[in-house]
Amino acid sequence: MEYYPVFGSQKGALGSVLDNQATAHDQATLMVELLRASGFEANYVRGIAKLSAAQLAEWWGVSTANACGVLSLLGQAQIPVYEINATSAGSCPGTVAALTDVSFEHVWVKVRINGSWYAFDPSYKPHTFKTGIDLASAAGYNAANHLASAQSGATVTGDYVQNINRTNIRFNLEKYAGILAGHLRTSKPAATLDDVIGGKTIVPFYGALRQSALPYQNTAWGSEELAELPGYMKPTLRVQYQGIDQTYTSDAIYGRRLTLTYNGANQPVLKLDGVAVGARARQ
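Counting starts from 1 at the beginning of each chain's written sequence and moves along it residue by residue. Selection of residues for local features in this predicted model requires a pLDDT of at least 70, selection of side-chain atom pairs for listing and counting requires 80 or more, and totals for whole chains, interfaces and linings are taken over all residues. With hydrogens and water excluded, all non-hydrogen atoms of the structure serve as input to the side-chain values.

**What to know about the nonpolar core**
Link 1 in the chain: Joining through side-chain atoms within 4.5 Å is the link that ties buried Ala, Val, Leu, Ile, Met, Phe, Trp, Tyr and Cys residues into a set, and such a set is a nonpolar core. The buried label applies to any residue whose accessible area, calculated with a 1.4 Å probe on protein chains only, is under 20% of its type's maximum; exposed applies above 50%, and partly exposed to all values in between. Within the largest apolar cluster, 37 residues are counted, with the highest numbers of intra-cluster contacts made by Leu-56, Trp-60, Ile-79 and Phe-104.
Link 2 in the chain: When contributions to this core are tallied by element, the ones reaching two or more residues are helix 2 (24–37), strand 3 (41–52), helix 3 (53–60), helix 4 (67–76), strand 5 (99–113) and strand 6 (116–120).
Link 3 in the chain: In DSSP terms, a helix is any run of H or I states spanning at least four residues, a strand is any run of E spanning at least two, and both are numbered starting from the N terminus. Considering each element in turn, this core owes the most residues, 8 residues, to strand 5.
Link 4 in the chain: Formed by 6 residues, the second largest nonpolar core is a distinct cluster that contains Val-239, Ile-244, Leu-270 and Leu-272.

Shown next as structure tokens:
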């Protein structure tokens, strides 16, 4: 299961399985629920993970050449950052120093096996990467020529374009596709999609993994063990409409159908998977 860097539970256990990708919180939820269903005692651990630039790159598949870029990504993902270090001092935006390490809030799993507690992080997965081919070169694509061809006979101003040449655009796209297909048949007949556009593959781990603590936990900050994920780790949707007031966590409604319709008395009815869950009270 792939990881994507976003804070909090987004899909829950079932949604993670269906999509085969999830946040750290969702993957921890899936593991905890599977362990408990198998009769094990399992809990969540909220703490601080400290990763080197190499570990972060192998896990997330992002460049760590600019620490400010990594910090911006963490900010967009709303993942709390506790410490970030670079090859030279500076402030963001502005510095172009490479990342050396970063510490951020993370969630993993603690489980009792044969009387001893062990730590597991289902979301942390190093990858191997493939670099794709130069698609523009392989397809014979030239941006300037394609643009000129598309604008042939068109009216182009600073505010709008009119009568774009659809015939030329379609002809060019078919030509590029044909050239690219011919290139792949000749040069890469056994290529996969990752070979062509690039991609990443999870590095499988074989063998037993019994660790009493997370090896990349930053113990400079405390951690806490949780029986369930708290509410602030779950984004919510609140529906307020003409007397209806219902709030759902994202994992509770992910992949389900939430509808607002009207009954025979012309009253609004909120339904989850076709079952009424909220309606305006009769006056």
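**Examining unusual backbone geometry**
Link 1 in the chain: A cis geometry characterises the amide bond from Cys-92 onward to Pro-93, with omega recorded as -5 degrees.
Link 2 in the chain: Mapped onto the elements of the fold, Pro-93 is located in the loop between strand 4 (81–86) and strand 5.
Link 3 in the chain: We note that Asn-163 has phi near 60 degrees; this positive angle belongs to a residue other than glycine.
Link 4 in the chain: On the secondary structure map, Asn-163 appears in the loop between strand 9 (161–162) and helix 7 (166–187).
Link 5 in the chain: Even without being glycine, Asp-273 reaches a positive phi, approximately 55 degrees.

**Remarks on empty space enclosed by the protein**
Over the atoms, a rolling probe the size of a water molecule traces out where space has been left empty.
Link 1 in the chain: In this analysis a 1.4 Å probe is tested at points of a 1 Å grid over the protein atoms alone, and where it fits but cannot get out there is a cavity; an open set with protein on both sides within 12 Å along at least five of seven lines is a pocket; lining residues have an atom within 4 Å of a point. Grid points are joined across faces, edges and corners, and a volume is the space filled by probe spheres set on the points. Following the criterion strictly, the structure yields 1 cavity of 30 Å³ or more and no others.
Link 2 in the chain: Its boundaries defined by the atoms lining it, the largest cavity holds a volume of some 60 Å³.
Link 3 in the chain: Along its surface, the largest cavity is lined by Tyr-3, Val-6, Phe-7, Thr-23, Ala-24, His-25, Ile-79, Phe-104, Glu-105, His-106 and Val-107.
Link 4 in the chain: Taken together, the elements giving at least two residues each to the lining of the largest cavity come down to helix 2 and strand 5.
Link 5 in the chain: Ranked by residues supplied to the lining of the largest cavity, first place goes to strand 5 with 4 residues.
Link 6 in the chain: Looking at the lining of the largest cavity, its residues break down into 7 nonpolar, 3 polar and 1 charged. Any residue that is not Ala, Val, Leu, Ile, Met, Phe, Trp, Tyr, Cys, Pro, Asp, Glu, Lys or Arg is counted as polar, Gly included; the first ten are nonpolar and the last four charged.

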